[in-house]
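Structure assessment
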Amino acid sequence: QAQLVESGGGLVQTGDSLRLSCAASGRTFSDYNKGWFRQAPGKEREFVSGITWNGGRTYYIDSVKGRFTISRDNAKDTVYLQMNDLKPEDTAVYYCAAGRPAGSVSYRNPSEYNYWGQGTQVSVSS
């Protein structure tokens, strides 16, 4: 069964760093565009960052620019989200997704993604 598996979440303090990983299982996703989304309690799922299949372009929401970095290693079929200077408002379940979005607006739309991971919890204490 094709799936994406996230890891790397945890409980940290304000200003700390975490690196999330999303590995492919059951099939290859190396030719898919990827995205990271997050969902906080009581809120809608929110786009965080996206990357084209070859890593040539990346996208971020304004609130994480300069703090988060998305990258991918297609040889390992894994996408990463390096999160620095974490803030309490970053607390959420983080999901990775694979699909065929095209253009910055499309990357922000969850319906453009066909495959989703189960999520990993990131909690940032003040």
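For the structure, check the block above.
Conventions and cut-offs
Residues numbered from 1 in each chain as written. Predicted model: local features only at pLDDT ≥ 70, side-chain atom pairs only at ≥ 80, totals over all residues. Heavy atoms only, no water. Salt bridge = Lys/Arg side-chain N within 4 Å of Asp/Glu carboxyl O. Helix = DSSP H or I, 4+ residues; strand = E, 2+ residues; numbered from the N terminus. Buried < 20%, exposed > 50% of the residue type's maximum accessible area, 1.4 Å probe, protein only. Disulfide = S-S within 2.5 Å. Contact = heavy atoms within 4.5 Å. Phe/Tyr/Trp six-rings, centres within 6.5 Å; stacked < 30°, edge-to-face > 60°. Lys NZ or Arg CZ within 6 Å of the ring centre and 35° of its normal.

**Some remarks on the pattern of salt bridges**
- According to the stated counting rule, one finds five salt bridges in the structure shown.
- Salt-bridge contacts for Arg100 lead to Asp31; the nearest nitrogen and oxygen are separated by 3.6 Å. With a gap of 69 residues between them, Arg100 in the loop between strand E9 (92-99) and helix H1 (104-107) and Asp31 in the loop between strand E3 (18-25) and strand E4 (33-39) connect regions that are remote in the sequence.
- Taking the shortest distance from any N to any O, the salt bridge between Arg38 and Asp90 comes out at 3.0 Å. Linking Arg38 in strand E4 with Asp90 in the loop between strand E8 (78-83) and E9, this pair joins segments that are 52 residues apart in sequence. Asp90 shares its class with Arg38; the two are buried.

**A closer look at the state of the cysteines**
- Under the counting rule described, the total for this entry stands at one disulfide.
- Residue Cys22 pairs covalently with Cys96 via a disulfide, S to S 1.9 Å. With the S-S dihedral at roughly 50 degrees, the linkage between Cys22 and Cys96 falls on the right-handed side. One end of the pair, Cys22, is in strand E3; the other, Cys96, is in strand E9, and 74 residues separate them in sequence.

**A few points about the environment of Gly50**
- Note on placement: Gly50 falls in strand E5 (residues 46-51).
- Taking C-alpha positions, Gly50 is 19 Å from Leu86, a pair spaced 36 residues apart along the chain.
- Discounting chain neighbours no more than four positions away, the residues touching Gly50 are Lys34, Gly35, Arg57, Thr58, Tyr59, Ile70 and Tyr107.

**Brief notes about the side chain of Ser21**
- Within the fold, Ser21 resides in strand E3.
- Leaving out residues up to four positions away in the same chain, Ser21 has contacts with Val5, Glu6, Ser7, Trp36, Thr78, Val79 and Tyr80.

**Remarks on unusual backbone geometry**
- Phi angles above zero are rare outside glycine, and Asp77 is one such case at about 55 degrees.
- Along the chain, Asp77 turns up in the loop between strand E7 (68-73) and E8.
- Owing to a relative accessible area of 11%, Asp77 belongs among the buried residues under this scheme.
- Phi angles above zero are rare outside glycine, and Asp85 is one such case at about 50 degrees.
- Within the element layout of this structure, Asp85 appears in the loop between E8 and E9.
- Its relative accessible area of 39% is what places Asp85 among the partly exposed residues.

**Quick notes on the packing of aromatic side chains**
- A complete count under the given rule lists eight aromatic pairs for this structure.
- Cluster of aromatic residues (ring-pair linked, three or more members): Phe37, Phe47, Tyr113 and Trp116.
- The ring of Phe29 carries the charged tip of Arg27 above its face, separated from the ring centre by 5.0 Å.
- For Arg100, the ring lying beneath its charged end belongs to Tyr32, and the centroid distance is 3.9 Å.

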